[in-house]
Amino acid sequence: MILYLQAGMASPENPEQLIIALEPEAASIYCRKLRLHQMIDLSSKGPVNGYNPSETIGTGFTPAKEHIRRNRQSRTFLVENVIGEIWSELEEGSNLTHIIKDIYNIQVKILKENIGITFVPTGDRYIVVDSGGGTVDVTVHQIRLPEGHLKELYKATGGPHGSLGVDYEFEKLLVDFVKWSSQGMLRMSPDAMNALFKPTIDEIINHLSDLFEKPEVTNVKFLFLVGGFAEAPLLQQAIQNAFGSKCRIIIPQDVGLTILKGAVLFGLDPAVIKVRRSPLTYGVGVLNRYVEGKHPPEKLLVKDGTRWCTDVFDKFISADQSVALGETVSRSYTPAKPSQLVIVINIYSSEHENVSFITEPGVKKCGTLRLDLTGTDTNVPSRREIKTLMQFGDTEIKAMAIDVATSKSVKAGIDFLNY
C-alpha cells in the first residue's frame with residue numbers, strides 16, 4: 001500500500017487506478033493467445049526440445065527453435081484466432097457468419113493435414129504450471145463460448161517447489177559429489193546433477209498428479225509450462241513423461257516474459273476471467289442466540305439476561321466455490337445492544353469448507369469493518385439492521401457494512417499481510 005502510494009500509481013481516493021494481477025492467471029491469459037511460432041510443443045515426436053537424456057543439459061532449445069523458425073510463416077493462433085475475436089460481433093445466422101465458419105473449418109483442415117497442429121476449440125480446458133524460483137503455482141481454466149473469456153475450473157494451487165529447491169540440494173550434496181579439477185573448475189557427475197533436481201521435480205510431479213485426480217480437472221487438452229524453472233530440460237522431460245499421455249505439454253518461446261505480458265493483457269481487459277474459484281472459506285464472527293444441545297457449553301455468554309453463543313463463524317462463501325466476477329453475498333445483522341455507538345465486524349478465512357467457530361484451527365482474521373453510529377438520528381428503529389456485503393470473483397475481495405436506517409457505510413479490503 002505505502003509503496004504504490006509513494007510511487008504515485010494510485011491514491012486512497014482512487015484505488016481503482018491500481019489493480020492486482022495474479023501471476024498464474026496472467027500466465028494463463030497470455031498462453032491462450034499463443035501463435036504456433038511462439039510455442040514449443042514437448043508432445044511432438046522425437047527428443048523433447050531436441051533434448052535427449054544422454055545429451056549434455058543445456059543444449060535442448062536449439063533444434064526446437066529452428067523447427068519453430070521454419071514454420072514461422074504460419075500466423076495461426078494455438079488457442080484463439082482473429083476470426084474467434086470478431087465472432088461475437090457477427091450476428092449468428094447471417095450469411096457472413098456461415099462463410100467465415102466455412103473458411104475457418106477449411107483452414108483447420110489444411111493445418112491438421114500439413115502441419116499436424118489444430119486449434120484448441122473454444123470450450124477446451126487447459127492447465128498452466130508457473131514454475132518460478134520459490135514456488136510453483138497451478139491454475140486450471142476453460143475458454144468459454146462465444147467471447148473467449150476464461151472460467152476457473154479448480155481453485156489455484158501450488159507449493160514451495162521452485163528452483164530454490166535445487167539450490168538447497170546443491171548445498172547438501174556439495175561435499176559428497178563435487179570434485180575440483182586441476183584447473184580449479186567445479187565438476188559434477190551426471191548422477192549428481194540429476195540428484196540436485198530430483199526432489200524438487202518429484203514434488204511438482206506429485207502435486208500435478210493429485211490435481212489430475214480431481215473430478216473438476218478432466219478432459220484437459222493442454223498443459224502450459226511457464227516461469228524461469230520451465231527452461232530446465234530435466235523438468236520438461238519429467239512433465240512430458242508423466243503427463244504427455246494425458247495432454248499436450250507446451251512451453252512459450254519467451255517463457256520468462258509470459259507473466260509480464262499476461263499482466264499487461266489483464267490490465268487491458270480485467271474482466272477476461274469471468275468465473276473464479278474461491279481459494280478460501282470466508283465469513284464473519286458473530287453472536288447467535290444460544291441453543292441448548294446445539295452449541296457447546298464453553299461458548300455460552302449471558303449478557304443482560306440474554307444467552308448468547310460467542311465466536312460463531314457466519315459463512316459467506318466456501319473454499320473452491322465457483323463465483324462470478326463481481327458476485328456479491330449479503331447478510332443482515334442486529335447489534336446486541338440498541339445503545340451501541342460502534343459496530344465492529346471482523347472478517348475471517350479458513351482453508352476448510354465447513355467452519356463453525358472462529359476459534360477453530362486454521363481460521364485467520366483477515367479484515368475488519370468498523371461502522372461508527374454516533375451522530376445519527378434518534379428516531380432510528382430500536383432493532384437496527386446492519387447489512388454486510390462481500391464482493392467476490394475479482395483478484396481482490398471487497399467488504400462493506402451499511403447502517404440501513406441512515407445509509408451510513410464503511411468499506412474494507414481483505415488484507416492478508418497485516419493480520
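Reading the values: the criteria
Residues numbered from 1 in each chain as written. Predicted model: local features only at pLDDT ≥ 70, side-chain atom pairs only at ≥ 80, totals over all residues. Heavy atoms only, no water. 1 Å grid on protein atoms, 1.4 Å probe; cavity = no way out; pocket = protein on both sides within 12 Å on 5 of 7 lines; lining within 4 Å. Points joined across faces, edges and corners; volume = space filled by probe spheres on them. Helix = DSSP H or I, 4+ residues; strand = E, 2+ residues; numbered from the N terminus. Nonpolar A, V, L, I, M, F, W, Y, C, P; charged D, E, K, R; others polar. Buried < 20%, exposed > 50% of the residue type's maximum accessible area, 1.4 Å probe, protein only. Pairing = 2+ DSSP bridges. Right-handed = clockwise from strand over helix to strand, strands pointing away. Contact = heavy atoms within 4.5 Å. Phe/Tyr/Trp six-rings, centres within 6.5 Å; stacked < 30°, edge-to-face > 60°. Axes fitted to C-alpha atoms, helices over the stretch in contact; angles between N-to-C directions.

- Under an unreviewed UniProt entry, the protein chain has the name Heat shock 70 kDa protein 12A and belongs to Phrynosoma platyrhinos.

### Quick look at the layout of surface pockets
Moving on, step 1. Looking at the second largest pocket, its volume works out to about 870 Å³.
Moving on, step 2. Taken together, 30 residues form the lining of the second largest pocket, with Leu-287, Trp-308, Thr-334, Pro-335 and Ala-336 sitting closest to its centre.
Moving on, step 3. When contributions to the lining of the second largest pocket are tallied by element, the ones reaching two or more residues are strand S10 (281–289), strand S12 (306–317), strand S14 (328–333) and strand S15 (342–350).
Moving on, step 4. Here the residues of the lining of the second largest pocket are counted per class, giving 14 nonpolar, eight polar and eight charged.

### Some points on the pairing of strand S8 (residues 248–252)
Moving on, step 1. Of all five residues making up S8, five are buried, and the element is well covered by its neighbours.
Moving on, step 2. Residues of S8 alternate between two faces, with Arg-248, Ile-250 and Pro-252 on one and Ile-249 and Ile-251 on the opposite face, all of them buried.
Moving on, step 3. Note that strand S1 (residues 39–41) and S8 share three bridges and pair antiparallel. Its bridge partner lying in S8, Asp-41 is registered against Ile-250.
Moving on, step 4. By the bridge criterion, three bridges tie strand S7 (residues 220–226) to S8 in an arrangement that is parallel. Residue Phe-222 lies in a different strand from S8, and its bridge partner there is Arg-248.
Moving on, step 5. In this view, the connection linking S7 to its parallel neighbour S8 by way of helix H8 (residues 233–243) has right-handed handedness.

### Overview of the environment of Lys-411
Moving on, step 1. With respect to the element layout, Lys-411 can be found in strand S19 (residues 408–413).
Moving on, step 2. Residue Lys-411 is classed as exposed on the basis of its relative accessible area, which comes to 63%.
Moving on, step 3. Measuring from C-alpha to C-alpha, the distance between Lys-411 and Met-400 comes to 4.3 Å, with eleven residues separating the pair along the chain.
Moving on, step 4. With residues near it in sequence (within four places) discarded, Lys-411 still touches Leu-369, Ala-399 and Met-400.

### Describing the packing of aromatic side chains
Moving on, step 1. In this structure the tally under the stated criterion is five aromatic pairs.
Moving on, step 2. Their ring planes at 90° and their centres at 5.4 Å tell us that Tyr-126 and Phe-224 sit as a pair that is edge-to-face. Pair noted here: Tyr-126 is in strand S2 (residues 125–131) and Phe-224 is in strand S7, with a separation of 98 residues, a long-range link.
Moving on, step 3. Classification of Tyr-126 as buried rests on a relative accessible area of 1%.
Moving on, step 4. The buried category is assigned to Phe-224, whose relative accessible area is 0%.
Moving on, step 5. Centroid distance Tyr-282 to Phe-392: 6.0 Å. Interplanar angle 45°. Geometry classified as tilted. Taken together, the residues Tyr-282 in strand S10 and Phe-392 in the loop between strand S17 (386–391) and strand S18 (398–403) connect sequence positions 110 residues apart.

### A look at the sheet that holds S7
Moving on, step 1. With mixed pairing, eight strands are arranged side by side in an open sheet as S1-S8-S7-S2-S3-S4-S9-S13. The sheet terminates laterally at S1 and strand S13 (322–324), the two strands that pair on one side only. Taken pair by pair, the neighbouring strands of this sheet meet at an average axis angle of 25°, ignoring direction.

### Section: H8
Moving on, step 1. Most of H8 is tucked away: nine of the eleven residues are buried.
Moving on, step 2. Every buried residue of H8 is accounted for by Pro-233, Leu-234, Leu-235, Gln-236, Gln-237, Ala-238, Ile-239, Gln-240 and Phe-243.

### Focus on the sheet that holds strand S11 (residues 300–303)
Remark on secondary structure: sheet strands pair via backbone hydrogen bonds, oriented parallel or antiparallel.
Moving on, step 1. One open sheet holds the five strands; their spatial order is S11-S12-S10-S15-S16, and the pairing between them is antiparallel. Each end of this open sheet is capped by a strand with a single partner; those strands are S11 and strand S16 (364–372). Mean inter-strand twist for the sheet, computed between neighbouring axes without regard to direction, equals 35°.
Moving on, step 2. Two elements, S10 and S15, share four bridges in a ladder whose sense is antiparallel. The partner of Val-284 across the bridge, within S15, is Ile-347.

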